[in-house]
Each structure stands twice: as C-alpha cells, then as structure tokens.
Amino acid sequence: MARKAFIIGDPISHSRSPLIHGHWLSKHGIDGSYEAIHVKQAEVGAFFSSLAHSGFVGGNVTVPHKEAAYAHAAIKDQIADEIGAVNTLWFENGKLRGTNTDSYGFAQNLDERAPGWDSGGAALVIGAGGASRAVIHALKSRGFTDIRVANRSVERAMELRRGFGATVSAHGLAALDEVASGVRLVVNTTSLGMEGDGEAPLNMQLLHPEALVTDIVYVPLETPLLKSARLAGLRTVDGLGMLLHQARPGFEKWFGILPEVTPELRQLIIADMELHS
Ligand code: ATR
C-alpha cells in the first residue's frame, strides 16, 4: 500500500516541503505521497486526535503548530524535549513519536557549506522564538560556550537563558553593537529581512574578520544581512540548506531511505522560488 505523509501549518501554501519530498519519492521510485494540509490553530487538536485513523505514516509540522505537536506526541526524544517543539512525527508500534530535526538541519547545512564553522569563539543569535531554540540547541551540542542571544523582547531572550543555561546570555537589540563585538558566528533567526528590502541591522565591521554570517530565512536567498556581510568580505551561508537537511530524517522514518541533499534538489527549489517571486 502507498505510504502517505503530510505537512501541516498555517499558512502552508508557501511550503517547499512537498517539492523536496516529492523529488526524493520519484528519485527513489517509492510508492508514496507527501501532501500539504492547511490546519488552523482552532483545528489542530482535532487533527492530532484523528491522526491514528487517517492512514498517514507520519508527517511534518511547521509554524505555528510545533508546540502543539510536542504536546500531542506520545513519545518524544531528548532533542524535542530540549527544544520544546516537534517538527517530525511518525507512528511506531501504534504510538505517535516526535522529534525535532531543525537543529540537525542547521548544523548539517553549515557542515556542508562552511566546514570548521564550529571551531569556537562567540556566537550571536538574533531572535528568541522557536527557530532560535533549535539554533541554540545546535550551537550548544557543537560545543559553543558563549552564545549571545539578542532579541527585540529581552524577556524572551532571558527565557532561553533560563532554559539552556549559563552558556547563553540575553540582550536587547539596542545593545547589538556591543554584543556583536568580535563574534565568529552570526545567525539571524527572525523574520527581519523576509521582504528582502530592509536594512541589515548589524555593523559588520564589529565582527571577527573571519566571522561566518548565516540566516535561516531563505526567501530571498540572499537576505539584506547576508548581502551586507558579503560586501564586507565575510563568509556567508544562506538558509535553504537548513530546510533541505532538516527534511532528511523524516523521509527516512516514513519511507525507509535516508535521501541526499544534492545540487539538483537545491536548484529545483531555487527555480520554484524564482517562479513565485
Ligand atoms: P519562529 O518560530 O520563526 O522563530 P517566533 O517564535 O514567532 O517565530 O519568533 C519570531 C522572532 O522574530 C522573535 O525573536 C521576534 O522578536 P520578539 O520575541 O521580540 O517578538 C522576532 N521578530 C519578529 N518581527 C520582528 C521585528 N519587526 N523586529 C524585531 N524582531 C522581530
């Protein structure tokens, strides 16, 4: 029988995940499907309650339902617990299991495109939402001991410090210049730059001269932050690879093969972004 997987979110029409999984399904000749389902906040409880009888082998969960998925999964792994959110679900022995692959996707993308990115120094994370938690998890597990979180709301950054411990410090955006001084890695996790025409919020001259600047936003591929870093002569990595890499473990759970992130797949998604821009 064909295996069915889903992605839920609100909104969901912009999601590139069906393209990614569809590409892997046809590449590996697997009899399966992966469909996007628009689930609103008020409907998410009912969606999870009926999931066991829906015929799905599992699926992905995106904004704003990752915390609800965490609450509904019967069994969660340690990564999901540390991030407090689930983006990948699958059934095992009739039980709904959940993990979070965003931290893995973030680290794998940098491993591929900027080897040595985790060799030390201070890191600056802009933003303190759900995506920021996954990034901080990845940084901590790669041995970063000075993780500076700068956020519009300092209280939210302080919550992360309380959750992740003293390797994380909390700052407001007003202190950005001071906090950015000498850092080796900058990660933007906020939707700032989503429109592609905003001002980059950071003075690149303050960073370590060998700093790496990355953004988890991938529309546009080169965000204002990345552009400004490139013009300052710094290394940059865009966020598309994180999206591609976070998808791999879910595909393996549902369809039995760990697929590869190839230049062909990357090009497929870029072509789709250009089509819809
Ligand atoms: P996600 O799961 O994508 O991280 P989120 O949990 O809603 O989404 O978090 C959004 C992040 O973007 C937060 O850090 C938010 O700052 P606040 O915590 O102060 O709200 C940040 N953000 C969103 N719009 C912003 C803006 N216009 N200026 C500064 N920060 C912004």
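Structural notes, computed from the coordinates. (Residues numbered from 1 in each chain as written. Predicted model: local features only at pLDDT ≥ 70, side-chain atom pairs only at ≥ 80, totals over all residues. Heavy atoms only, no water.)

## Some details on the overall build of the protein chain
Argument step 1. Assigned secondary structure in the protein chain consists of 12 helices and 12 strands.
Argument step 2. Here the C-alpha atoms of the protein chain give a radius of gyration of 19 Å, agreeing with the 19 Å that 2.2 N^0.38 yields for 277 residues.
Argument step 3. By its C-alpha atoms, the protein chain is 55 × 40 × 30 Å across when sized along the principal axes.
Argument step 4. Of the roughly 12,700 Å² of accessible surface on the protein chain, a fraction of 51% belongs to carbon and sulfur atoms.
Argument step 5. With 25 positive and 30 negative side-chain charges, the protein chain shows a separation of 4 Å between the mean positions of the two kinds. (Helix = DSSP H or I, 4+ residues; strand = E, 2+ residues; numbered from the N terminus. Rg over C-alpha atoms; globule rule 2.2 N^0.38 Å. Areas by Shrake-Rupley, 256 points an atom, 1.4 Å probe, with all protein chains shown as cover. Lys, Arg positive; Asp, Glu negative; His and termini not counted. Charge placed at Lys NZ, Arg CZ, Asp CG, Glu CD.)

## Quick word on the site of the ligand
Argument step 1. Inspection of the region around the ligand gives 12 residues, with Ala128, Asn151, Arg152, Ser153 and Arg156 positioned closest.
Argument step 2. At 3.1 Å from an oxygen atom of the ligand is found a main-chain nitrogen or oxygen belonging to Gly130.
Argument step 3. For the ligand, the accessible surface in isolation is 650 Å², of which the surrounding protein chains cover 66%.
Argument step 4. Put simply, the ligand lies in the largest pocket.
Argument step 5. Of the residues contributing to the shell around the ligand, the split by class is 3 nonpolar, 7 polar and 2 charged. (Near = heavy atom within 4 Å. Polar contact = N/O pair within 3.5 Å; in protein donor to acceptor, adjacent residues only side chain to side chain. 1 Å grid on protein atoms, 1.4 Å probe; cavity = no way out; pocket = protein on both sides within 12 Å on 5 of 7 lines; lining within 4 Å. Sits in = over half its atoms within 2 Å of the grid points. Nonpolar A, V, L, I, M, F, W, Y, C, P; charged D, E, K, R; others polar.)

## So, unusual backbone geometry
Argument step 1. Cis rather than trans, the peptide bond between Val63 and Pro64 has omega equal to 5°.
Argument step 2. Locating Pro64 in the fold gives a position in the loop between strand E3 (56–61) and helix H3 (66–72).
Argument step 3. Residues other than glycine seldom take positive phi values, yet Asn93 does so here, at roughly 50°.
Argument step 4. Structurally, Asn93 is set in the loop between strand E5 (88–92) and strand E6 (95–99).

## A closer look at the pattern of salt bridges
Argument step 1. Scanning the entire structure with this criterion turns up 12 salt bridges.
Argument step 2. For Asp111, the salt bridge goes to Arg142, with nearest N and O atoms at 2.7 Å. Residue Asp111 is found in helix H5 (residues 102–113), and its partner Arg142 is found in the loop between helix H6 (130–141) and strand E8 (147–151); the two are separated by 31 residues along the sequence.
Argument step 3. The exposure class assigned to Asp111 is partly exposed, which follows from its relative accessible area of 28%.
Argument step 4. With a relative accessible area of 27%, Arg142 lands in the partly exposed category.
Argument step 5. Here Arg248 ties to Glu260 by a salt bridge, and the two come within 3.7 Å at their closest N and O atoms. Taken together, the residues Arg248 in helix H11 (residues 248–255) and Glu260 in the loop between H11 and helix H12 (263–275) connect sequence positions 12 residues apart.
Argument step 6. Residue Glu260 is classed as partly exposed on the basis of its relative accessible area of 46%. (Salt bridge = Lys/Arg side-chain N within 4 Å of Asp/Glu carboxyl O. Buried < 20%, exposed > 50% of the residue type's maximum accessible area, 1.4 Å probe, protein only.)

## Digging into the sheet that holds E5
Within a beta sheet, neighbouring strands are joined by backbone hydrogen bonds and run either parallel or antiparallel to one another.
Argument step 1. Strand order in the open sheet formed by 6 strands is E2-E1-E3-E5-E6-E4, and the pairing between neighbours is mixed. At either margin of the open sheet sits one strand with a lone partner, and together these are strand E2 (32–38) and strand E4 (75–76).
Argument step 2. Pairing geometry for strand E1 (residues 3–9) and E3, over 5 bridges, is parallel. Directly across from Ile7, in E3, lies its bridge partner Asn60.
Argument step 3. Contacts from helix H1 (residues 17–27) reach E1, E2 and E3 within the one sheet, and its direction differs from that of E2 by about 175°. (Pairing = 2+ DSSP bridges. Contact = heavy atoms within 4.5 Å. Axes fitted to C-alpha atoms, helices over the stretch in contact; angles between N-to-C directions.)

## Focus on the packing of aromatic side chains
Argument step 1. Taken as a whole, this structure holds 9 aromatic pairs when the rule is applied.
Argument step 2. Each ring, one from Phe6 and one from Phe56, has its centre 5.1 Å from the other, and the planes form 75°; the classification is edge-to-face. Of this pair, Phe6 sits in strand E1 while Phe56 sits in strand E3, placing them 50 residues apart in sequence.
Argument step 3. What makes Phe56 buried here is its relative accessible area of 11%.
Argument step 4. Between Phe47 and Phe48 the ring centres are 5.7 Å apart and the planes differ by 75°, which places this aromatic pair in the edge-to-face class. (Phe/Tyr/Trp six-rings, centres within 6.5 Å; stacked < 30°, edge-to-face > 60°.)

Spatial relationships are all this shows, so hold off on functional conclusions.
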